[in-house]
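Observations on chain architecture
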Amino acid sequence: MESLSHSSTFLLPVTPPEKNRPPLSNALVILNQRLPRFASLLWEHAPIRVCADGGANRLYDEMPLLLPHEDASHVRTRYVPDAIKGDMDSIRSEVLDFYKVLGTEIIDESHDQDTTDLHKSVAYIRDCTSDTDKSSLRILVTGALGGRFDHEIGNINVLCRFSDTRIILLSDDCLVHLLPMNYHHKIYIHSSVEGPHCGLIPIGMPSGSSTTTGLKWDLNETKMKFGGLVSTSNIVEGDVVTVQSDSDLLWTISIKKP
Ligand SMILES: Nc1ncnc2c1ncn2[C@@H]1O[C@H](COP(=O)(O)OP(=O)(O)OP(=O)(O)O)[C@@H](O)[C@H]1O
Ligand SMILES: Cc1ncc(C[n+]2csc(CCO)c2C)c(N)n1
């Protein structure tokens, strides 16, 4: 069985070795919810930055608030997205004009009312990425959790629709990503910034057998399904958690407050 490693390095300060030889190439998608307090750190980790429609308002309004000791207009001209994509029904016109003048690519897909702005943004990033680079692509998504439940479920559905792409949904409090079925997953825990609360939830179908190590309540060829057992309020015990399952699982872990 093939192995897949996971590590929330994007929550750690950017270090020179990572700048020289990053193991994964990050992209950032900003959704239309409050920016997390570590938004500027994610920006530094991600050379490609896309705002999904109203996410551009958040970047424009809130990045200066996260950097209160700097001049607001300097912050705005430093944090310019590569692209703004979506159905453009939420972005304010002055925000659109501001970024357009600074060279941001504007992709209006208002004709498509069947896919979400996150879906459109993920498709854009995948299309910009060569096939050889796709295996090392990791998309970080801010504002994806909390808020409106239909949006949250839509965001989780994007994980399933693009299950061959690493996508991490983020809020201030936690992160969520998919562990595709039939891999030996090794999750490296950075206990200075994440944990100990975590969960493993089957998505799309019941799990006939899931096995873990490194958790307080490990699974041992355990069945999980909605309406039966799902692993919530679990606790990470070691520096590494391993997971194997015959179905796709969502992995979630808490993010520590500073
Ligand atoms: N309250 C929220 N909770 C979670 N995700 C959100 C929330 N609001 C927006 N998003 C995410 O940000 C993206 C862009 O938001 P935006 O408000 O521009 O979308 P929208 O398509 O205009 O939404 P709607 O028309 O349903 O209000 C959405 O596609 C969704 O992924
Ligand atoms: C069955 C079905 N349900 C809801 C929508 C609406 N919808 C889904 S994604 C989207 C775009 C949001 O930016 C909109 C309006 C649809 N098309 N089909």
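Every value quoted in this text rests on a predicted model; they were computed, and no experiment measured them.

The rules behind each value
Residues numbered from 1 in each chain as written. Chains lettered and ligands numbered in written order. Predicted model: local features only at pLDDT ≥ 70, side-chain atom pairs only at ≥ 80, totals over all residues. Heavy atoms only, no water. Near = heavy atom within 4 Å. Polar contact = N/O pair within 3.5 Å; in protein donor to acceptor, adjacent residues only side chain to side chain. Areas by Shrake-Rupley, 256 points an atom, 1.4 Å probe, with all protein chains shown as cover. Helix = DSSP H or I, 4+ residues; strand = E, 2+ residues; numbered from the N terminus. Nonpolar A, V, L, I, M, F, W, Y, C, P; charged D, E, K, R; others polar. Expected span 1.5 Å × (residues − 1). Buried < 20%, exposed > 50% of the residue type's maximum accessible area, 1.4 Å probe, protein only. Contact = heavy atoms within 4.5 Å. Domains from an automatic or database assignment. Buried area = accessible area lost by both parts, 1.4 Å probe. Salt bridge = Lys/Arg side-chain N within 4 Å of Asp/Glu carboxyl O. Core = buried A, V, L, I, M, F, W, Y, C linked by side-chain atoms within 4.5 Å. Pairing = 2+ DSSP bridges. Axes fitted to C-alpha atoms, helices over the stretch in contact; angles between N-to-C directions. Right-handed = clockwise from strand over helix to strand, strands pointing away.

**Here we look at the site of ligand 1**
- In the vicinity of ligand 1 there are 18 residues, among which N32, D89, S90, R148 and N155 approach most closely.
- One of the side-chain N or O atoms of D53 is found 3.1 Å from an oxygen atom in ligand 1.
- Residue G146 places a main-chain N or O atom 3.1 Å away from a nitrogen atom belonging to ligand 1.
- Bound to the protein, ligand 1 loses 81% of the 610 Å² it would expose on its own.
- Secondary-structure elements contributing two or more residues to the shell around ligand 1 are α6 (117–128) and α8 (149–161).
- Classifying every residue of the shell around ligand 1 by side-chain character gives three nonpolar, 10 polar and five charged.

**Topic: the site of ligand 2**
- Taken together, the neighbourhood of ligand 2 is formed by D87, Q113, D114, T115 and D117.
- Here ligand 2 has 450 Å² of accessible area as a free molecule, and 42% of this is covered by the chains.
- Classifying every residue of the shell around ligand 2 gives no nonpolar, two polar and three charged.

**Points about helix α3 (residues 55–66)**
- Between its first and last C-alpha atoms α3 spans 15 Å; for 12 residues at 1.5 Å apiece the expected length is 16 Å, and the two agree.
- Considered for burial, the residues of α3 that qualify are G55, A56, N57, L59, Y60, E62, M63 and P64.
- Elements in contact with the buried residues of α3: β2 (25–30), α2 (39–45), β3 (48–52), α4 (72–78), β4 (83–86) and α5 (93–101).

**Observations concerning the domain arrangement of the protein chain**
- Segmenting the protein chain into domains produces domain 1 (23–172) and domain 2 (173–258).
- Distance from the C-alpha centre of domain 1 to the C-alpha centre of domain 2: 26 Å.
- Each side of the interface is counted separately: domain 1 has 13 residues, and domain 2 has 13 residues.
- For the pair domain 1 and domain 2, the summed buried surface comes to about 1000 Å²; carbon and sulfur atoms form 67% of the total.
- Looking only at domain 1, the three residues that lose the most surface to domain 2 are R37, L159 and D172, adding up to 36% of its buried area.
- Inspection of the region where domain 1 meets domain 2 yields zero salt bridges.

**What about the nonpolar core?**
- L170, L175, L200 and W251 are the most contacted members of the largest nonpolar core, which has 46 residues in total.
- Both of domain 1 (23–172) and domain 2 (173–258) provide at least three residues apiece to this core.
- Among residues more than four places away in sequence, those in contact with L170 are F10, F38, L42, L140, V141, T142, G143, A144, L145, L175 and I255.

**A look at the pattern of salt bridges**
- Inspection of every chain in the model, using the stated rule, returns 11 salt bridges.
- Across the pair D164 and R126 runs a salt bridge, and its minimum N-O distance is 3.1 Å. Placement of D164 in the loop between α8 and β7 (166–170) and of R126 in helix α6 is noted, with a sequence separation of 38 residues between them.
- Taking the relative accessible area as the measure of exposure, D164 reaches 62% and is therefore exposed.
- Assessed through its relative accessible area of 19%, R126 is described here as buried.

**Thoughts on the sheet that holds strand β9 (residues 184–188)**
- Here we have five strands laid out as an open sheet, ordered β1-β9-β14-β11-β12, and mixed in their pairing. Two strands in the sheet have a free side with no partner beyond their single neighbour: β1 (3–7) and β12 (222–224). Looking at each pair of strands side by side, their axes are set apart by 30 degrees on average, direction ignored.
- Where strand β11 (residues 207–213) lies against β12, two bridges are found, and the strand directions are antiparallel. When the sheet's bridge partners are listed, S210 is paired in β12 with T222.

**Things to note about the pairing of β3**
- Counting buried positions over the five residues of β3 gives four, a clear majority of the element.
- Relative to β3, β2 is paired through four bridges, and the arrangement is parallel. Of the residues in β3, the one forming a bridge with L28 is R49.
- Following the chain from β2 across α2 to the adjacent parallel β3, one finds a crossover that is right-handed.
- The pairing of β3 with β4 spans three bridges and is parallel. Residue pairing for β4: C51 is matched across the bridge by I84.

**Concerning the sheet that holds strand β15 (residues 249–255)**
- As summarised here, the arrangement of the 10 strands in space is β5-β4-β3-β2-β6-β7-β8-β15-β10-β13, forming an open sheet in which the pairing is mixed. Among the strands making up the open sheet, the edge pair consists of β5 (105–108) and β13 (231–235). Across the sheet, the axes of successive neighbouring strands diverge by a mean angle of 20 degrees, strand direction being ignored.

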